[in-house]
Amino acid sequence: MTPGLPQASDILAALGQAVFAWDIASDAIVWGEQVSAVFPGIPAERLATGAEFAKLIEPAQTLRTAALALTSPVHGADGTPYRVEYGVRMSASDPVIWIEETGRWFAGPDGRPTRAIGSVRINNERHARDEELSRLARLDPLTGELNRSHLIAALAEAIEETTRFRSTAAFMLVGIDHLARVNDAFGFDVADAVILDIAKRIRARLRGGDVLGRFSGNKFGLILKNCTVDDMNVAAERFLAGIRDEVVPTKSGPVSVTASIGAVSLPRYARNTDEAVNRAHETLDAAKRRRSGSFAAWRPDAARDAQRRVNIRVTDEIVTALNERRIRLAYEPVVSAVSRERAFHECLVRMDQGDGQVLLAPDIVPVAERLGLIRLVDHRVLELVVAELAAAPDVCLSLNISPDTTMDPDWWAGIESLMLAHPGVAERLIVEITETVAIQDIDDVRAFVSRLKHFGSRIAIDDFGAGYTSFRNLRKLGVDIVKIDGAFVQNITHSADDRAFVQTLIDLARRLDIKTVAEWVQDEEAANMLRDWGCDYIQGRLIGLASAERPWGVPSDSALPAVS
């Protein structure tokens, strides 16, 4: 037997829905009998008019009327469709019932709503889902703390509050030390476990009202409300101790970590989020440089500010000099220790300042490296060196490149195009890389050396002895020349230790069939010692310092233009 169809009112009540008709002119609302299933416990008189019903609505009482006003009227029997969501409750102590209202309103002769019909339904699940999605959009998925964008928004609010209420606060960046080592040793899942554990430790030591967020992979941002400078110091030590005093348990075993903290006082030393973040970052870097697991607070520093102004000026000068082709070369001779015949010239960078003054390499290179401009300088020096080699077929030149340039793909593209454009140049080019580069990136440098030697160029290790490169690494790299650091060479006539060190380097290099160059040779006595020990080449004050004049006599206007 087929069951009968339930009454429509029963179906609506079971679905948590009710229908209504709203006479907007009189403000009276007539509800279907299912209304008590949707609004349990709410008296009928509170639902009888639009005005009374609006008093129950949140977050704004005008949501229903606004929904009608925001839709353009459609004239005719079908009316204008609308939809609105809102919460309903009798008092602040009652739970909110989230409602979705859909319906149609009908316009009068003046185009304004005169009546509406529709239905309401309970929509708590959807609202809860939307709230959860909104919450997740604010939070870091690993730690459950604020993500970076919402942390910065909270920081902006905190700075505004301190300014408005004349209070103080602090912004801290907490950086987990050497997290990359944990990644390498145990894997990313263990590193994530460390990050999560550190977040919990910091959270456990925060006061009510303080804010915690994940700033980046290994950094957390903290906003400490009503926090003086003294409070900031005490809080920092509390966080550092909480992190370092106990190991982090992970599935791979316990992991010991430390963290460093950089902080800035608000609004005294930071009046906007950019200043706060930059200064906290700056002090965090300073703390890490000083010692892992330490704390630093930002303070005004006249010398630092002056240096930054110099950096800005020098950056502009270097970029302008590059654009105006005011980067020049100076040539320092390197000669045979036995015959004193010239073997090659080392090319050193100079910058013509346009007023007759010239900046030397020690004035240019460190600043360019610090400001990220060294690769541009190295590119220009390469162009100039290749042009000189192309113009003077009998000349051999060396050039120095910075650590960043050794891994720069643009530099490789440049040297390949230049070598192809000027056949015979590569065999007369020596590329000098510093010993520190060879130490830190032995495998990458070996690939770099192999590619250069493929062109026919030679490789020299510069300032050898200043670091701790083993001769095994020299053999592994396949270098052709070792340039012994002048700091050891300049005192060989007076220091027995330096004599022993330099003589040992020369002997070991000779056994590996690597040529040696002694830098900073000051006098004949030192030159004769080096010759007798078997050093191949010497350079320095005795032989001649760097000069902008071309010793091989090629006119300045005959150098070929570099290939783009």
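We now turn to the structure provided with this report. Since the structure is predicted, the reported quantities are computational estimates derived from the model, not experimental observations.

Quick word on the sheet that holds strand 10 (residues 259–266)
Pairing is mixed across the open sheet formed by five strands, whose spatial order is 8-9-7-10-11. If you trace the sheet from one side to the other, it starts and ends with strand 8 (211–216) and strand 11 (295–297), each paired once. Direction aside, the axes of adjacent strands within the sheet are offset by 20° on average. Where helix 6 (residues 148–165) meets the sheet, its contacts fall on strand 7 (169–176), strand 8, strand 9 (219–225) and strand 10, and the angle it forms with strand 8 comes to roughly 130°.

Quick word on helix 9 (residues 229–244)
Between its first and last C-alpha atoms helix 9 spans 23 Å; for 16 residues at 1.5 Å apiece the expected length is 22 Å, and the two agree. Along helix 9, the residues that are buried comprise M232, A235, A236, F239, L240, A241, G242 and I243. Buried positions along helix 9 lie against strand 7, helix 8 (188–204), strand 9, strand 10 and strand 11.

Overview of the packing of helix 8 against helix 9
Two quantities define a packed helix pair, namely the angle between the helix axes and the distance between the axes. It is the contact of helix 8 with helix 9, at a shortest axis distance of 9 Å, that shows an interaxial angle of 140°. On the basis of their axis angle, the class for helix 8 and helix 9 is oblique. As helix 8 packs across helix 9, the resulting crossing turns out to be right-handed. Residue-level inspection shows I198, R201 and I202 of helix 8 in contact with helix 9, the latter providing F239, G242 and I243. Considering only residue class, the contact of helix 8 with helix 9 consists of four nonpolar, one polar and one charged.

A look at helix 8
Under the 1.5 Å per step criterion, the end-to-end length of helix 8 is 24 Å for 17 residues, consistent within 8% with the ideal 24 Å. Of the residues making up helix 8, those classed as buried are V190, A191, V194, I195, D197, I198, A199, R201 and I202.

Digging into the environment of R313
Within the fold, R313 resides in helix 11 (residues 302–323). Relative accessible area serves as the criterion here: at 43%, R313 is assigned to the partly exposed category. Sequence separation between R313 and F171 is 142 residues, and the spatial gap between their C-alpha atoms is 31 Å.

A closer look at the sheet that holds strand 5 (residues 97–107)
Neighbouring strands of a sheet are bound in pairs by backbone hydrogen bonds; such pairs are parallel or else antiparallel. Pairing is antiparallel in the open sheet, where six strands are placed in the order 2-1-6-5-4-3. Looking at which strands have only one partner, the edges of the open sheet turn out to be strand 2 (28–31) and strand 3 (57–58).

A short note on the packing of aromatic side chains
Across all of its chains, the model carries 12 aromatic pairs by this definition. Ring centres of F53 and Y86 lie 6.0 Å apart, and the angle between their planes is 80°; on these two criteria the pair is classed as edge-to-face. Of this pair, F53 sits in helix 3 (residues 50–54) while Y86 sits in strand 4 (residues 80–88), and the two are 33 residues apart along the sequence. For the pair shown, F53 and Y86 are each scored as buried. The aromatic ring of F20 is capped on one face by R64, whose charged end is 5.6 Å from the ring centroid. Residue placement shows R451 over the ring face of W412; its charged tip is 4.0 Å from the ring centre.

Notes on the environment of S457
Residue position: S457 is located in the loop between helix 17 (442–455) and strand 17 (458–464). In the structure, S457 is positioned 76 residues away from W533 in sequence and 27 Å away in space, judged by C-alpha atoms. Those residues in contact with S457, other than ones at most four positions away along the chain, are A426, L429, L452 and D480. Side-chain polar atoms of S457 contact the backbone oxygen of A426, separated by 2.9 Å.

What to know about the pattern of salt bridges
A full pass over the atoms with the stated rule returns 33 salt bridges. Between K483 and E432 there is a salt bridge, with the nearest N and O atoms lying 3.0 Å from each other. Here the residue K483 occupies a position in strand 18 (residues 481–484), and E432 occupies one in strand 16 (residues 429–434), the gap between them amounting to 51 residues. Judged by relative accessible area, K483 falls into the buried class, the value being 0%. Note on E432: relative accessible area 1%, which makes it buried. Each of R83, E85, E100 and R121 takes part in a single network of salt bridges with overlapping partners.

Examining unusual backbone geometry
Look at the link from E58 to P59: it is a cis peptide, with omega at 10°. In this structure, P59 sits in the loop between strand 3 and helix 4 (63–69). For the bond from L266 to P267, the omega torsion is -5°, close enough to zero to count as cis. Take P267: it is sitting in the loop between strand 10 and helix 10 (273–290). The phi dihedral of D27 falls on the positive side, at around 70°, and the residue is not glycine. Position of D27 relative to the elements: it lies in the loop between strand 1 (17–23) and strand 2.

Considering the nonpolar core
Grouped together as the largest cluster of nonpolar side chains are 71 residues, with contacts concentrated most on I318, V385, I415, F448 and L530. Examining the composition of this core, we find that eight residues originate from one element, helix 13 (residues 374–391), more than from any other. Among the nonpolar cores identified, the runner-up in size contains 32 residues, and I176, I202, F220 and A259 belong to it.

About the cut-offs
- Residues numbered from 1 in each chain as written.
- Predicted model: local features only at pLDDT ≥ 70, side-chain atom pairs only at ≥ 80, totals over all residues.
- Heavy atoms only, no water.
- Pairing = 2+ DSSP bridges.
- Helix = DSSP H or I, 4+ residues; strand = E, 2+ residues; numbered from the N terminus.
- Axes fitted to C-alpha atoms, helices over the stretch in contact; angles between N-to-C directions.
- Contact = heavy atoms within 4.5 Å.
- Expected span 1.5 Å × (residues − 1).
- Buried < 20%, exposed > 50% of the residue type's maximum accessible area, 1.4 Å probe, protein only.
- Parallel < 35°, antiparallel > 145°, perpendicular 65-115°, else oblique.
- Left-handed = near helix turned anticlockwise from the far one by under 90°.
- Nonpolar A, V, L, I, M, F, W, Y, C, P; charged D, E, K, R; others polar.
- Phe/Tyr/Trp six-rings, centres within 6.5 Å; stacked < 30°, edge-to-face > 60°.
- Lys NZ or Arg CZ within 6 Å of the ring centre and 35° of its normal.
- Polar contact = N/O pair within 3.5 Å; in protein donor to acceptor, adjacent residues only side chain to side chain.
- Salt bridge = Lys/Arg side-chain N within 4 Å of Asp/Glu carboxyl O.
- Core = buried A, V, L, I, M, F, W, Y, C linked by side-chain atoms within 4.5 Å.

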